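Close look at the chain arrangement
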Protein chains: 4
Amino acid sequence: MDKIGVPCWVRVFSITYGRFPSIGCGYDQSVAAVVFGDASQQSRLYPLTKRRSEGAVPVAGNYRLIDAVISNCINSNITKVYALTQFNSTSLNSHLSRAYSGGLLANHEFLEVIAAYQSPEDANWFQGTADAMRRCLWVLEQHPAVEFLVLPGHHLYKMDYQKLLEAHRKNKADVTVSVLDSMTDCNTGFGRFNVGSGNRVIGFEKEPDLIPAMSLSVEGLQFNDSFNERFSSMGIYVMNRHVMIKLLTESFPKANDLKNEVIPGAISLGLKVHAYRFDGYWEDMRSIEAYYKVNMESTKKTNMKYNFHDRNFPLYTLPRHLPPSLITDAAITDSTIGDGCILNRCSIRSSVIGPRTRIGDGAVIEDTVIMGSDIYQSVPDQSIGVGEGSFIKKAIIDKNVKIGKNVKMINRDNVLEGNNETDGYIITSGIIVVLRGAVFPDETIL
Amino acid sequence: MDKIGVPCWVRVFSITYGRFPSIGCGYDQSVAAVVFGDASQQSRLYPLTKRRSEGAVPVAGNYRLIDAVISNCINSNITKVYALTQFNSTSLNSHLSRAYSGGLLANHEFLEVIAAYQSPEDANWFQGTADAMRRCLWVLEQHPAVEFLVLPGHHLYKMDYQKLLEAHRKNKADVTVSVLDSMTDCNTGFGRFNVGSGNRVIGFEKEPDLIPAMSLSVEGLQFNDSFNERFSSMGIYVMNRHVMIKLLTESFPKANDLKNEVIPGAISLGLKVHAYRFDGYWEDMRSIEAYYKVNMESTKKTNMKYNFHDRNFPLYTLPRHLPPSLITDAAITDSTIGDGCILNRCSIRSSVIGPRTRIGDGAVIEDTVIMGSDIYQSVPDQSIGVGEGSFIKKAIIDKNVKIGKNVKMINRDNVLEGNNETDGYIITSGIIVVLRGAVFPDETIL
Amino acid sequence: MDKIGVPCWVRVFSITYGRFPSIGCGYDQSVAAVVFGDASQQSRLYPLTKRRSEGAVPVAGNYRLIDAVISNCINSNITKVYALTQFNSTSLNSHLSRAYSGGLLANHEFLEVIAAYQSPEDANWFQGTADAMRRCLWVLEQHPAVEFLVLPGHHLYKMDYQKLLEAHRKNKADVTVSVLDSMTDCNTGFGRFNVGSGNRVIGFEKEPDLIPAMSLSVEGLQFNDSFNERFSSMGIYVMNRHVMIKLLTESFPKANDLKNEVIPGAISLGLKVHAYRFDGYWEDMRSIEAYYKVNMESTKKTNMKYNFHDRNFPLYTLPRHLPPSLITDAAITDSTIGDGCILNRCSIRSSVIGPRTRIGDGAVIEDTVIMGSDIYQSVPDQSIGVGEGSFIKKAIIDKNVKIGKNVKMINRDNVLEGNNETDGYIITSGIIVVLRGAVFPDETIL
Amino acid sequence: MDKIGVPCWVRVFSITYGRFPSIGCGYDQSVAAVVFGDASQQSRLYPLTKRRSEGAVPVAGNYRLIDAVISNCINSNITKVYALTQFNSTSLNSHLSRAYSGGLLANHEFLEVIAAYQSPEDANWFQGTADAMRRCLWVLEQHPAVEFLVLPGHHLYKMDYQKLLEAHRKNKADVTVSVLDSMTDCNTGFGRFNVGSGNRVIGFEKEPDLIPAMSLSVEGLQFNDSFNERFSSMGIYVMNRHVMIKLLTESFPKANDLKNEVIPGAISLGLKVHAYRFDGYWEDMRSIEAYYKVNMESTKKTNMKYNFHDRNFPLYTLPRHLPPSLITDAAITDSTIGDGCILNRCSIRSSVIGPRTRIGDGAVIEDTVIMGSDIYQSVPDQSIGVGEGSFIKKAIIDKNVKIGKNVKMINRDNVLEGNNETDGYIITSGIIVVLRGAVFPDETIL
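Rules behind the numbers
Residues numbered from 1 in each chain as written. Chains lettered and ligands numbered in written order. Predicted model: local features only at pLDDT ≥ 70, side-chain atom pairs only at ≥ 80, totals over all residues. Heavy atoms only, no water. Domains from an automatic or database assignment. Contact = heavy atoms within 4.5 Å. Salt bridge = Lys/Arg side-chain N within 4 Å of Asp/Glu carboxyl O. Helix = DSSP H or I, 4+ residues; strand = E, 2+ residues; numbered from the N terminus. Nonpolar A, V, L, I, M, F, W, Y, C, P; charged D, E, K, R; others polar. Buried area = accessible area lost by both parts, 1.4 Å probe. Pairing = 2+ DSSP bridges. Core = buried A, V, L, I, M, F, W, Y, C linked by side-chain atoms within 4.5 Å. Buried < 20%, exposed > 50% of the residue type's maximum accessible area, 1.4 Å probe, protein only. Least-squares fit on C-alpha atoms with pLDDT ≥ 70 in both. Axes fitted to C-alpha atoms, helices over the stretch in contact; angles between N-to-C directions. Left-handed = near helix turned anticlockwise from the far one by under 90°.

All names here are of chain A. One can read the domain layout of chain A as domain 1 (8-297) and domain 2 (326-440). Tallying the contact residues gives 18 residues for domain 1 and 23 residues for domain 2. Taken together, the connections running from domain 1 to domain 2 amount to 2 salt bridges. Between Glu421 and Lys50 there is a salt bridge, with the nearest N and O atoms lying 3.1 Å from each other. It is helix H9 (residues 288-297) that provides the largest number of residues to the side of domain 1 that touches domain 2, a total of 6 residues. Partitioned by chemical class, the residues of the side of domain 1 that touches domain 2 number 10 nonpolar, 3 polar and 5 charged.

What follows is the structure, given as structure tokens:
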């Protein structure tokens, strides 16, 4: 083993570092989660991410994307979550603080948002996931967690992380990576792992070009190659406390990135890296089209891939204080209607209507996601919402948009891709995406 | 003055007892409110009050009646409220605790629910409003309030209590009563006051039979009778701290009732009792019919007598964590739709649909209040809600009611008043009122 | 089997009624706890219970007795608790609402206080534990719990209720009772169980006179008597949902009491009643002396029987917003000091000093529990607290007591038991117990 | 007037833009506060600000500096606060979110933390106060506030901002600046204003070199120079909504700084800038020495310049869930003791002992601020706190410091200024300042 440079501390640690005494109940203090609220500056959900990070994108009317991962944590009894944010983080931070910082959980300081910050030591932004964690180590280290669970914050799935942690502990692994069991050809953006017997990870390939990133064969360990399989990474990593600290500060002190630098590095060093196969529904919302489909799914009554209404695995979010929706005269089909809407003489088909949406007389909404409004308006004629007689089909309308009377948003020219950002919208995969706060005068046609 | 028996302590107190030093901002520590959550055992809203007190009756989809008065307190910057409850108090207490006990307001212990209790000194229930306050005096006295504001908890109105308090202080009154300015012939159940010049109260008449209850002329004070007017009491009283304590413990230690005993007694004793005239909308919901009308009002878009959506005088209630309403195919007219409803192929006209309501295919709901469901159900065929093909017209459906398929609730025989409580409903003023949790099998017709 | 009268429904239910689908994580919806906040009207902690129920008695400076049981529930992942109260319930209800009703837990409505109430059906107070549960059944039934866990609210112990529930499920029991394993001769007030092989309960004896209450031998079941043992009941019962409902409404619809009527009745009917042996520390505070000892224990640094500072099994309570304690000049030995105290030139030995206590110059406090003050005072000379030069030894000082200057509370005459309630104190087991709000003028000696 | 270049929009606006309709009670929606959590990168409180911004520096045991300003807002009925942070913001954000984001105030979104963030439009950090506000304008504009109140977050004072706002409105000012009335020679770092008759501001001088920064005489307005006075700015500005937007986006779109660019610019443009004279206690903590003095002040019983315990103007902070302090044997003089401390056989004189501090046998603490510990420790021998026999005099001990046995921190050599940061401390004005988390082995002497 010495030949391949496995550092001593890893082996010793794996054996001797025990878990905290626990009485097998209550809050699991041995694990802390680190959630990345941002994907990156180049979000594939642009322009929905023009003013917010991916985790803060509203979905299915009442929720934000990050609620799925935070709810997984709550439902998995993980009671300490650090959310690291930097890119367009204002609305994400506001949502997280208001939804998850109060009450009895404050006792445990359940969720702590760590926004990128300047310090005398480092005046830069976070340079990547590994850099972000390294710069927050002084905070993370305060928690007595034995394992850290790293989670992307903008994926949609339900996972009991305790099962992942059980596998990690049973394998006495240094690092456990979660992989997609059933979707082996999926490009998740997090690379692929070669997995040998006993789910030991023996190699890594970078996405998207799938060129092997480094020599991954761990010498001295005899794997039966015929059992090896490739699995797509979900970007979810369990790392033992001291493993994480050593990797970030000693082994790879200059690495900016977890997925392409630190985790592959850990494999190369011969650490015990294991794979945990997840075979449930997983959606990473890597395109406007995927985001659109998930919203359309949420209006279905049955056979939802992701059940937003599951009482045994609830989806948490910010509680609201809105009045009920007031509907003057509407024909509504296969749609969800958020709180506090005012729907006049209109027709709504296969659409998600978010909180506080106003729709005028004679308007028709089809196959559309309307995110709604953040604010109440005192002057009715500046109206946020959809004006009288307007027709909207296959669109995503971001928040606080003002659509005048007799507007037609129908993608008249059947454009597949088009950038009209200065006019307040883009078209992608044939879907009209209207920017937050855009204004469309009466009679506009697009 | 001695002739007419004005007790010395009153005069001394009125002059010398100052207000707490205040910097004119922030929370008003000089006032505490006492809200009566119950009307009485003989509620006129029965059977809606079979399992809950009047203050806990749901209204306008998302609210409870008591939210109106508590919101008045919050909007009037009164930050200490005692809610006294006894009759069917479970759901009221639960609502109040969850909606108003948490957060930063906990610092001020904003709202304290005092349920009737047994003690070594007194094993009885509260025998009336005066008895309730007397038995809670040991709690009330702990607050340094200089004035106590007594409020019935089940009325619907918007009042800035600070204006009432200003009048009280300006008049240097011992007691100030709030009266209806514009509805002089209204029988509020709280009696009527004869009001002389300077809004000084000089007499009281009992309701409902309007026979003068006692000799009310205060000798020695020369009022110009020609200016006297009669005003209906709203049951709202401001009492100076020591006045309240003396009245309850020394002057009238056996009185059970404020409205017919203690307040008239204060007038007789010659205390400075003043009237504050309120001319806004006020509704005491003294009948099922009045309750029904208020709900129907709430589905209107404009010209509401009581605006449930007023952002300058918000109506507070319990925040909710429900998913948006899922509507398969509905035609909805002049209605409000609460959160978390599942509405299938149905038609809804002029109705209030409360949270978590399920309505089946082909159902028609007209001129109806459905309160919704408290709970989620795991077994769909036990379904709470309205079954397929059912038709409901002019009804009030309490919570957790199960209505089967092809049920007709149409008051077929045009009954005006009918008691079918064992069958799960009564009819009053032609309105069908269905009891909480009632079950109606398929094909039922009523 | 019919011979021995086991009702059919029990057997069927035990077999067929499954648990809710659970993913093995998060909140355990299959159990709800029912906590009795009151012991009874004849509290052995009188006069500490003159104005509050036993569960609301302050202990160890910052806590209330009921916090121990509620914290057990939280630490055991039980997220639905009903607290039934009736006797002197005001401060208990206030504490529970403010400490446990807010925040994210509100989503689950973690804790619901059910104060005794009048209804059209029953105008009486609760007549006992069984009557209380029967009258609240309409509330309890709303929760989908499969098992109900009944808990006295004023005992001090740490138990992982999940282990009790596991034993219950493993035994496929109808009812499981928790018993003291190591203290077999202890009179707990809840009676004793005869326990046969497999921890099956085969008999019950009443406390305190220990006369067998009924024929307890279950015919047809052949237990090996030589293995039978007697264990004291802790008053903790797990009951399957339908078993509980049938026992309260069908088998024993008139029973008022769980411990002497319903539970023994269940044994007599031949239901599967099992014992769960608990061998940890348990203290039921059945006397002022026991209460006093627990408080004295809490000032020890090590070897506490009940660890109030255990971070792996935290004790929850109301969060506080008090300033730090201000100490002018004090010699403090083996004592705990609560928040917001003002301690002048004084000496404190082996004492518990509760929140907001003021102690004057030259005062000496020894072997004493001072509960502190609920309120701030604006006028310093009405001072709540201990005046200058006073000497207090072996006393329990309830809240808001005013002790003047040079008072000596030393039990001068070595009284063992004495009732001076009108003078503001009693003496029991040689301990001076001062009543809430009592006033002792300067120079008083007792 | 045109001569002097007053832009038209200002005048029109001053006249026509009304306030929101208000019923004179409840929350004041017409004002929003903008609090700067950071002073700047070059904090004068270094090294206390090595890991936190100035607003997050603990003070007086239980508080953070920013609590003073946030409490001013609450006590002034301002219910919308934006806190802008960037520099070492982690612990500030965590404190603000947990203390002020939950409960009923969440309804109003009372406090919103806006951490510096990257966006597609601007990848830079905030370049100054004006730049920060400009980049957050899209958030600020969502609030219907008519006036914005800009506040530094790290000053210690009590001000009723409503009085400042009243003066602003009465003067019909465009901008109102708050100035120190009584401390005219004080260098606040925010410059000085020349104030003419009617409190109209007619000039500005930069700090610290006090060279007139620009031509400040406003031509065409005839002030009587003999009445002019110079007042130091407190960095507090009220700006009308449209004035603020125009100044930041049109008049001075490149300005980074409010105090030296935008506000003086507004004066130059001839806008109506008025001064509000504040004559209360104000402390800007511009040095370690000032910080030290304020803490020493907080241990006084009377005549405090800033009363941390004022119940009529309460100081809010994060509620805590700590056990009472356990004191084995301590002589304590003129000190404050936080919650959850463990004080063994020690002597404490004139010191602030923060939450969770442990002090060992024989230790002596004099004239010292110990901030305490953020975390509980499971392994006692790694002990955070002060070891046995150690002697500390005139020091500020940041959080989580480990001081071994028989350590002497006495500034043996009477150093006035010394930088031993690598050894875990610096000395400034003769005060030893120990860095967060520093470790001092047994027998260390400094």
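As a further point, take the interface of chain B and chain A. Taken together, the contact between chain B and chain A spans 35 residues of the former and 35 residues of the latter. Note on chain B versus chain A: buried area summed over both sides is about 2900 Å², and carbon and sulfur give 54% of it. Joining chain B to chain A, the criterion identifies 0 salt bridges. Element by element, the count of residues in the side of chain B that touches chain A is highest for strand E14 (residues 325-337) of chain B, at 13 residues. The class makeup of the residues in the side of chain B that touches chain A is 14 nonpolar, 14 polar and 7 charged. Pairing of strand E14 (residues 325-337) of chain A with E14 of chain B involves 11 bridges; the strand directions are antiparallel.

Attention shifts here to the nonpolar core. Counting 93 residues, the largest nonpolar core has Met133 of chain A together with Met133 of chain D as its most contacted members. Every residue in contact with Met133 of chain D, bar those within four places of it in the chain, is listed here: Val34, Phe36, Leu84, Leu140, Val150, Met239, Met244, Leu248 and Leu258 of chain D. Phe126, Tyr237, Leu247 and Val262 of chain C belong to the second largest nonpolar core, which has 92 residues in total.

The operation relating chain B to chain A is a screw motion whose rotation component is 180°, with 0.1 Å of axial translation and a residual RMSD of 0.1 Å. As the rotation angle and translation indicate, the two copies are arranged about a two-fold axis. The C-alpha atom lying nearest the rotation axis in chain B is that of Ala331 of chain B; the distance is 2.1 Å. Both copies contact each other with a shared surface, as 100% of the interface residues of chain B are interface residues in chain A too.

It is worth spelling out the packing of helix H2 (residues 66-75) of chain A against helix H3 (residues 90-100) of chain A at this point. All names here are of chain A. Across the interface, H2 lies against H3 with an axial gap of 12 Å and an inter-helix angle of 35°. Crossing handedness for the pair H2 and H3: right-handed. In this structure, H2 uses Ile66, Asp67, Ile70, Ser71 and Ile74 to contact H3, whose residues at the interface are Leu92, His95, Leu96 and Tyr100. For the contact of H2 with H3, the residue count by class is 6 nonpolar, 2 polar and 1 charged.

Let's shift gears to the pattern of salt bridges. Close approach of charged atoms allows side chains of opposite charge to pair. Residues and elements named next belong to chain C. Per the stated rule, a full pass over the model turns up 59 salt bridges over all chains. Residues Glu147 and Arg169 are paired through a salt bridge, measuring 2.9 Å at the closest nitrogen-oxygen approach. Of the two residues, Glu147 is situated in strand E6 (residues 147-152) and Arg169 in helix H6 (residues 161-170); the sequence distance between them amounts to 22 residues. Overall, the relative accessible area of 3% leaves Glu147 in the buried class.

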